[in-house]
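# Breakdown of the fold
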Amino acid sequence: MAEITAALAASHAPGLTGWFSKASEEDQRTVRRAYDGIREALVAARPDVVLVVGNDHVANARLHDYPDFTFGLAERHRGPDEWFKPWLRVPDYDLPGAPDVATRLLESLGHTGRSLRGATANLRFDDNLSVPATLTGLADLGVAVVPVLQNCTVPPIPDQDDCYAFGRALGDAIRDDLPAGLRVALLGSGGLSHEPGGPRYLEIDEKFDRWWLDLLVEGDHDRVLAEATLERMEEAGSGGTAELLSWVVVMGAIGPRPCESLGYVAFDQWRCGVGAVRWDLDDARETATTGTV
């Protein structure tokens, strides 16, 4: 059996690289500490593979043929995509892939009822992979990466229950179908509240963000699924806040357990609430509807 050795999630707002210095020194320190915490957790977990569950911003599929999840099967993952470079202002990166792992997971998840796709060519990466890869120094760790990009934009969007169920299937596939002894880390990339290009483009729903983080710290996944619905995410910022569904996939893979908030910043010029969490994999809980981990 393979083992999930770390479960993490963080925002990937392009302001964290493109115009980071606009924020106060205190806010910058909070973000640095949060991403340092993610890097430290990855180093301590000693993963062979990091699955980065992020959001596709209509860059890798046509609107009329949009999969729910796209697995990156390439031997190397290079970014950022040329179109996004002036915006993100991050160095080019070249990450080793794990096509054997990605292919096995893709095959194992065919029963989920979700629309899945594998991409053997290099995906077009924007902030979804570029920001966490840069801020964690992922390339320096030398660990293989499997990007899993999900649809959070084009209807019909898999909702919180769909994403949690997919995450459970993903966790089972990791544990049951990957080689024994393989160490896998999960990183959800997206959120928090924002409304890209909408009438609330410069607004952050700080009340929602703090409520969401408090829910996750509590660790009651039944309550998360009942209250943090796709509709509630859209109310906090249409077209952007639903990126938090990537966090829900990670939650499904590890089951109900508490987590630690690594920090939160609401700075309007970043156009996005920014936060990060680290789940405690030593504390598993049973609930009535999500079942036993």
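Here we summarise the structure given alongside this text. Because the structure is predicted, anything quoted here is derived from the model rather than measured. (Residues numbered from 1 in each chain as written. Predicted model: local features only at pLDDT ≥ 70, side-chain atom pairs only at ≥ 80, totals over all residues. Heavy atoms only, no water.)

### Concerning empty space enclosed by the protein
Counted by the stated rule, this structure contains three cavities of 30 Å³ or more. Roughly 60 Å³ of internal volume is contained in the largest cavity. Residue lining of the largest cavity: Ala10, Ser11, Thr30, Val31, Ala34, Tyr35, Gly263, Tyr264, Val265, Val274, Gly275 and Ala276, and that is the complete set. Secondary structure elements with two or more residues in the lining of the largest cavity: helix 2 (25–45), strand 9 (259–267) and strand 10 (272–279). In terms of residue count, helix 2 provides more of the lining of the largest cavity than any other element does, four residues in total. (1 Å grid on protein atoms, 1.4 Å probe; cavity = no way out; pocket = protein on both sides within 12 Å on 5 of 7 lines; lining within 4 Å. Points joined across faces, edges and corners; volume = space filled by probe spheres on them. Helix = DSSP H or I, 4+ residues; strand = E, 2+ residues; numbered from the N terminus.)

### Considering the sheet that holds strand 7 (residues 144–151)
In space, the eight strands of this open sheet follow the order 6-3-7-2-8-1-10-9, with mixed pairing throughout. Either end of the sheet is taken by a strand with one partner, and the two such strands are strand 6 (116–119) and strand 9. Taking each pair of neighbouring strands and ignoring which way they run, the sheet shows an average axis angle of 20°. Here helix 4 (residues 99–108) sits on the sheet and contacts strand 2 (49–56), strand 3 (69–72), strand 6 and strand 7; the angle it forms with strand 3, its principal contact strand, is near 150°. (Pairing = 2+ DSSP bridges. Axes fitted to C-alpha atoms, helices over the stretch in contact; angles between N-to-C directions. Contact = heavy atoms within 4.5 Å.)

### Describing the nonpolar core
Core analysis: the largest hydrophobic core is formed by 58 residues, its most contacted members being Phe71, Ile174, Trp212, Leu216 and Trp279. Ranked by residue count, the leading element in this core is helix 11 (residues 245–254), at eight residues. Excluding residues that lie within four positions of it along the chain, Leu216 makes contacts with Val224, Trp247, Met251, Arg257, Pro258, Cys259, Val277 and Trp279. Ala41, Phe84, Val145 and Leu149 belong to the second largest nonpolar core, which has 42 residues in total. (Core = buried A, V, L, I, M, F, W, Y, C linked by side-chain atoms within 4.5 Å. Buried < 20%, exposed > 50% of the residue type's maximum accessible area, 1.4 Å probe, protein only.)

### A short note on the pairing of strand 2
Counting buried positions along strand 2 yields eight of eight residues, so the element is predominantly enclosed. In this sheet, strand 7 lies alongside strand 2 in parallel orientation, the contact comprising eight bridges. Following the sheet pairing, Val50 is matched in strand 7 by Val145. Sheet topology note: the strand 2/strand 8 (residues 183–189) ladder contains five bridges and is parallel.

By themselves these figures say nothing about function.
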